[in-house]
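Letter by letter, the chains look like this.
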Amino acid sequence: MHVHCEEGEVAESWLVAAAACLTASCVIDGGMLLRALQLLRKDEALSRLLHDVSVHTSSGGSMYEELPSLTLQEQEEKPRSNLQKLVERARPEFMWLAAGCLALFIRLPFSLALPHFVSETIGALIDKDSDAVRSNITSFIIAAVIDSLLDFWCVFLFGYTQQRLVRSLRIDLFRNLLLQDTSFFDASSSGEISSRLTSDCAEMANDLTWVFRFTIEALVRIGGIAGYMFFRSWRLASLACSIIPIVAVVNRFYSAWMSKNAQMVQEALAEANGVAQEVLSSMRTVFSFANEPRELRRYEKAVQKHFVLNVRQTAISGLYYMGVCTFLMSCCVQSSLLIYGSLLVFNGELEATTLLSFMLYQGQLQEYFSNLLNSFTNLIKSAGAGAKVFELLGRRPRIKRSGLIKLTEVRGKVTLEHVSFCYPSRESLPPALDDVSFQVSPGNIAAIVGPSGAGKSTIFHLLEHLYEPSSGRVCLDDVEVSELEHGWLHRMLALVGQEPVLFSGSIESNILYGYYHRLLEDGGESGEGLQEKKQRIAIARAVIQDPKVLLLDEATSALDSESEALVQEALEHVMERRTVLVIAHRLSTVSRADVILLLNKGRIVEQGTHQELLARPLPPDGGLSYRTLLNRQAKALSDPDALE
Ligand SMILES: Nc1ncnc2c1ncn2[C@@H]1O[C@H](COP(=O)(O)OP(=O)(O)OP(=O)(O)O)[C@@H](O)[C@H]1O
């Protein structure tokens, strides 16, 4: 079933490309086209790409082979906590983390030695030993300089690892988002998703790398200081370490609370971002309903929720640091050391300089202990912030994006067989399509008509495989669209919608978007323009791939009559030699269609040619028929003669 062409067919592919350009020339104005053609002909990279495309097509490949393949990263689904998942994310960065740790280890003896040299210098001063004073001060300066130099490497290597982690998290998350089915995007706000992609990923990676740095540094330093302390006086050292079990118990409760709250904070932030995104992307509507104060209140409410949760988190953290770091570690431990140490000095069991070095090391011990606690808090927060990211990373789409089949020859026959469909987000409501069957022969035009909400666009959605039908078959050339390869299907089938979405970038890049399936980042003219211009660009973008089936949502409402005529002219041109399904608004399109499908409440009420449907009697129950629909339209246009 795969595409297979001989060498000579490369030329044919060139012809297709040239024909596509020529078609585009009928659609877009001269200057614009000239530039698109120049771009195709002159730009070396593009020419090569064009050539590659023909070679790929001839060998049964696809343009998609140029891009990284989008496949789900199947992982063994073991139940793991967010904390475990978080730590696992850091595994590929092991080398960088190891380099950071190495810098830490090399630095350690130098920074650990500093209090020792201080206490030794003071001891030598008391003993009035000037040589010892000089050598201890020199040692102190050397150790301090090396310590400072190595600090750069610690900061840089851990910071670098952090950036790598953010990058990989964002790319993996974005990849998985691109693979999700349309119903996922129906149910999620883009603001919320981008919040996950930006702030959640950054927060997770930030916390995680600094956790590594501070945890490792703190553990090593605490170990070193404790070793030194036990070596100098086991009794004082035992007193200094007695605090550890108490802190461990407090931490257990604190971490449980912090993890839950961090999750709530990120959710509240995503909610606020969702509101902002929704409002900012619909500013015209907000403006025309003068709803700015209402939207501001909505945003204020969402931000307030985030604020309250954050303040609560700050207050609990403050209490924790006050209780554990300041009161227990600083006040209780230091005063106990002073009292007990003084007793030992009075009894002649301890040197005063040893007590001094103990007090200095205790300051460091306290600092690193609070770093350890900080890291621990951040790790918990990070796992909380990551909960939603991991949920998204692990989400499997409800429908398989792509089959494997690429047909060798496409005729363009479109068939729907007993198709019923409910949008996943509104399963409790009547189906959008209910047992719909029809067939459009290759090269024919099918006009889909019916009142708003009848299900016309839904037919297009199913043909494009945005959703899968609840029952029945949606086929192109008798093969279900779900079985067809995603990239191939969308080259055979092109949609021109009512409100074309253009990407920022030049006109050429927007047209070529349909060709290369990617944006050329050459900046230039803005993609925004008049509706007519946008429509013509969208048509060019659709036909530049030379699709066999065109799905047209005739846009009349947004265009004035002059622009409408121009767009219509462009459409006439591209409809030739193609199967066309058109959501028809114009009588001229409807009347010349090979088949007209009248839809109402998700069902096909009538089907036939214009003449056949006009010849049918009006339904006795006053239900919807093609004639009543035309009569209604004619009345609306105050043109009672439109029918005749
Ligand atoms: N993404 C969606 N999620 C949930 N329901 C949807 C979605 N899109 C459409 N619907 C619903 O499905 C039904 C059919 O909608 P559809 O857009 O296919 O109608 P239509 O005939 O094209 O209408 P219009 O001419 O107004 O565009 C409607 O009730 C609509 O509200």
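All of these numbers come straight from a predicted model, not from anything done at the bench. (Residues numbered from 1 in each chain as written. Predicted model: local features only at pLDDT ≥ 70, side-chain atom pairs only at ≥ 80, totals over all residues. Heavy atoms only, no water.)

## Observations concerning the site of the ligand
Near the ligand, the surroundings consist of 14 residues, among which Arg426, Ser452, Gly453, Ser457 and Thr458 are the closest. Contact distances for the ligand include 2.6 Å between an oxygen atom and a side-chain N or O atom of Ser452. Looking at which element gives the most residues to the shell around the ligand, the answer is helix α14 (residues 456-463), with three residues. Its residues placed into classes, the shell around the ligand shows five nonpolar, six polar and three charged. (Near = heavy atom within 4 Å. Polar contact = N/O pair within 3.5 Å; in protein donor to acceptor, adjacent residues only side chain to side chain. Helix = DSSP H or I, 4+ residues; strand = E, 2+ residues; numbered from the N terminus. Nonpolar A, V, L, I, M, F, W, Y, C, P; charged D, E, K, R; others polar.)

## A short note on the packing of helix α5 (residues 94-126) against helix α13 (residues 352-393)
Axis separation between α5 and α13 bottoms out at 9 Å; the angle between their running directions is 150°. Classified by the angle between their axes, α5 and α13 sit roughly antiparallel to one another. Handedness of the α5/α13 crossing: right-handed. Contacts between α5 and α13 involve Ser111, Leu112, Ala113, Pro115, His116, Val118, Ser119, Ile122 and Gly123 from the first element and Thr353, Leu356, Ser357, Leu360, Tyr361 and Gln364 from the second. Considered class by class, the residues forming the contact of α5 with α13 number eight nonpolar, seven polar and no charged. (Axes fitted to C-alpha atoms, helices over the stretch in contact; angles between N-to-C directions. Parallel < 35°, antiparallel > 145°, perpendicular 65-115°, else oblique. Left-handed = near helix turned anticlockwise from the far one by under 90°. Contact = heavy atoms within 4.5 Å.)

## A look at the UniProt feature "transmembrane region" (unreviewed entry) in the protein chain
According to UniProt, the feature "transmembrane region" (unreviewed entry) maps to residues 14-34, 94-117, 137-160, 210-230, 236-254 and 319-346 in the numbering used here. Within residues 94-117, the helical portion is 100% and the strand portion 0%, while the C-alpha atoms at the span's ends are 35 Å from each other. (UniProt positions renumbered as here; feature names shortened; annotations may be inferred.)

## A closer look at the side chain of Thr182
With respect to the helices and strands, Thr182 occurs in helix α7 (residues 182-187). Of the polar contacts made by the side chain of Thr182, one reaches the backbone oxygen of Leu466; its length is 2.7 Å. Thr182 has contacts with Leu466 and Tyr467, leaving out every residue within four places of it along the chain.

## Things to note about the side chain of Asn176
Counting through the fold element by element, Asn176 comes out in helix α6 (residues 130-178). On the basis of relative accessible area, Asn176 is assigned to the buried category, the value being 6%. In terms of polar contacts, Asn176 uses its side chain to reach the backbone carbonyl oxygen of Leu392, at 2.7 Å. (Buried < 20%, exposed > 50% of the residue type's maximum accessible area, 1.4 Å probe, protein only.)

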